[in-house]
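Analysis of the macromolecular model
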Amino acid sequence: MTRAEAKKQAKEKYIELWGEKWVRENADHIFCSFDTLANDMCEIAFAESTPRPLEYYPSGVPKIWMGGNSKPNHRTVFLFDLKAGTMEITEHF
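Here is a short report on the structure shown in this document.

Definitions and limits used
- Residues numbered from 1 in each chain as written.
- Predicted model: local features only at pLDDT ≥ 70, side-chain atom pairs only at ≥ 80, totals over all residues.
- Heavy atoms only, no water.
- Pairing = 2+ DSSP bridges.
- Helix = DSSP H or I, 4+ residues; strand = E, 2+ residues; numbered from the N terminus.
- Contact = heavy atoms within 4.5 Å.
- Polar contact = N/O pair within 3.5 Å; in protein donor to acceptor, adjacent residues only side chain to side chain.
- Phe/Tyr/Trp six-rings, centres within 6.5 Å; stacked < 30°, edge-to-face > 60°.
- Buried < 20%, exposed > 50% of the residue type's maximum accessible area, 1.4 Å probe, protein only.
- Lys NZ or Arg CZ within 6 Å of the ring centre and 35° of its normal.

**Quick look at the pairing of strand β4 (residues 86–92)**
- Two elements, strand β3 (residues 74–81) and β4, share six bridges in a ladder whose sense is antiparallel. Along β4, the bridge assignment pairs T76 with H92.

Below is the structure:
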């Protein structure tokens, strides 16, 4: 299995798990990461976090949040063995 095939399979399974309608409605809150691990393994993680509401300082200047965002509402992690061509879900909430 190639990395491109793993990415495609992860996206398809993510949509299958959450439903196409939900993914479409929350697409602007969904983030993905791809990590290459040892021994032809790779991890693909999807997380959905609701953006913080816009807040202002008493002066009227908007607050800009630097890191430390809240925990994701949902997270799904896929572990692929590229050599064996297998996929496993290691985290899903």
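**Observations regarding the environment of W18**
- For W18, the position within the fold is in helix α1 (residues 3–18).
- A C-alpha to C-alpha distance of 11 Å links W18 and F46, two positions 28 residues apart in sequence.
- Not counting the four nearest positions on each side in its chain, W18 is found in contact with V23, H74, T76, H92 and F93.
- A distance of 3.4 Å separates the side chain of W18 from the side chain of T76, its partner in a polar contact.

**Describing the packing of aromatic side chains**
- Counted according to the given criterion, the structure contains three aromatic pairs.
- Ring centres of Y14 and F46 lie 4.5 Å apart, and the angle between their planes is 20°; on these two criteria the pair is classed as stacked. Residue Y14 is found in helix α1, and its partner F46 is found in strand β2 (residues 41–48); the two are separated by 32 residues along the sequence.
- Y14 sits in the buried class, given a relative accessible area of 3%.
- Through successive ring pairs, a cluster of aromatic residues spans Y14, F46 and F78.
- K7 extends its terminal NZ or CZ atom over the ring of F34, reaching a point 4.7 Å from the ring centre.

**Focus on the side chain of H29**
- Tracing the backbone through its elements, the reader meets H29 in the loop between α2 (20–26) and β1 (30–37).
- The buried category is assigned to H29, whose relative accessible area is 16%.
- Filtering out sequence-adjacent residues up to four positions away, H29 remains in contact with A47, E48, S49, T50 and P51.

**Section: unusual backbone geometry**
- Residue N39 is not a glycine yet carries a positive backbone phi of 60°.
- Given a relative accessible area of 69%, N39 falls into the exposed group.
- A positive phi angle is found at D40, which is not glycine, with a value near 60°.
- Judged by relative accessible area, which is 37%, D40 ranks as partly exposed.

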